[in-house]
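# Structural description and commentary
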Amino acid sequence: MFVIALTYLKPAAEIDALLGAHREYLREQYANGTFLLSGRMVPRTGGIILAMADSRADIEAVFELDPFKQAGVASYAITEFVSTMAAEALSQFQHQG
């Protein structure tokens, strides 16, 4: 499992211009099961995404498709972790082993 923190590198107007394309990208990643949860930071300096992938290389490849990455308006900090406890609603994502 991965936590990805996006940090905006450009003014809000440049982010907003790409927001529609970025949201379509998010919808595609939700549809294929890669993304589990996402949202903007408060204050609005970036966003957080919780994702599933087989490897760090796989998740890095997913973010190469993000319009924010392609336009250079955001940087990405990727943290891999193994979930050892989970709320019942999220138990399907708990590491088994």
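Everything here concerns the structure above.
Read on for a plain summary of the structure. (Residues numbered from 1 in each chain as written. Predicted model: local features only at pLDDT ≥ 70, side-chain atom pairs only at ≥ 80, totals over all residues. Heavy atoms only, no water.)

## Some points on the packing of aromatic side chains
- Using the criterion set out here, one finds six aromatic pairs in the structure.
- Between Y8 and F68 the ring centres are 6.0 Å apart and the planes differ by 85 degrees, which places this aromatic pair in the edge-to-face class. In this pair, Y8 sits in strand β1 (residues 2-8) while F68 sits in helix α3 (residues 67-71), placing the two residues 60 residues apart along the sequence.
- Take Y8: its relative accessible area is 18%, and that puts it in the buried class.
- Members of the aromatic cluster, joined through ring pairs, are Y25, Y30, F35, F63 and Y76. (Phe/Tyr/Trp six-rings, centres within 6.5 Å; stacked < 30°, edge-to-face > 60°. Helix = DSSP H or I, 4+ residues; strand = E, 2+ residues; numbered from the N terminus. Buried < 20%, exposed > 50% of the residue type's maximum accessible area, 1.4 Å probe, protein only.)

## So, the nonpolar core
- The biggest cluster of nonpolar side chains holds 19 residues, and the ones touching the most others in it are I4, F35, I49, I59, F63, F68 and Y76.
- Going through the elements one at a time, β1, α1 (12-31), β3 (46-51), α2 (56-63) and β4 (74-80) are the ones with two or more residues in this core.
- Sequence-distant contacts of I4, that is, excluding residues within four places in its chain, are made with G47, I48, I49, A51, I59, F63, Y76, A77 and I78. (Core = buried A, V, L, I, M, F, W, Y, C linked by side-chain atoms within 4.5 Å. Contact = heavy atoms within 4.5 Å.)

## Considerations on the pairing of β1
- Side chains F2, I4, L6 and Y8 project from β1 onto a buried face, and the interleaved V3, A5 and T7 project onto a face without burial.
- Inspection of the sheet shows β1 paired to β3 by six bridges, in the antiparallel sense. Bridge pairing in β3 places V3 opposite L50.
- Relative to β4, β1 runs antiparallel, the two being bridged by seven bridges. Directly across from T7, in β4, lies its bridge partner S75. (Pairing = 2+ DSSP bridges.)

## Digging into the environment of Y30
- Here Y30 is to be found in helix α1.
- Residue classification places Y30 among the partly exposed positions, given a relative accessible area of 33%.
- Y30 sits 34 residues away from E64 along the chain, and the two C-alpha atoms are 16 Å apart.
- Non-local contacts of Y30, meaning those with residues more than four positions away in its chain, are made with F35, L36, L37 and S38.

## Observations regarding the pattern of salt bridges
- By the definition in use, this model includes four salt bridges.
- Two residues, E24 and R27, come together in a salt bridge whose shortest N-O distance is 3.2 Å. With a gap of three residues between them, E24 and R27 both fall in helix α1, about one helical turn apart.
- By relative accessible area, E24 is classed as partly exposed at 37%.
- The residue K69 makes a salt bridge to E64 at a minimum N-O spacing of 3.7 Å.
- For K69, a relative accessible area of 34% corresponds to the partly exposed category.
- The partly exposed category is assigned to E64, whose relative accessible area is 45%. (Salt bridge = Lys/Arg side-chain N within 4 Å of Asp/Glu carboxyl O.)

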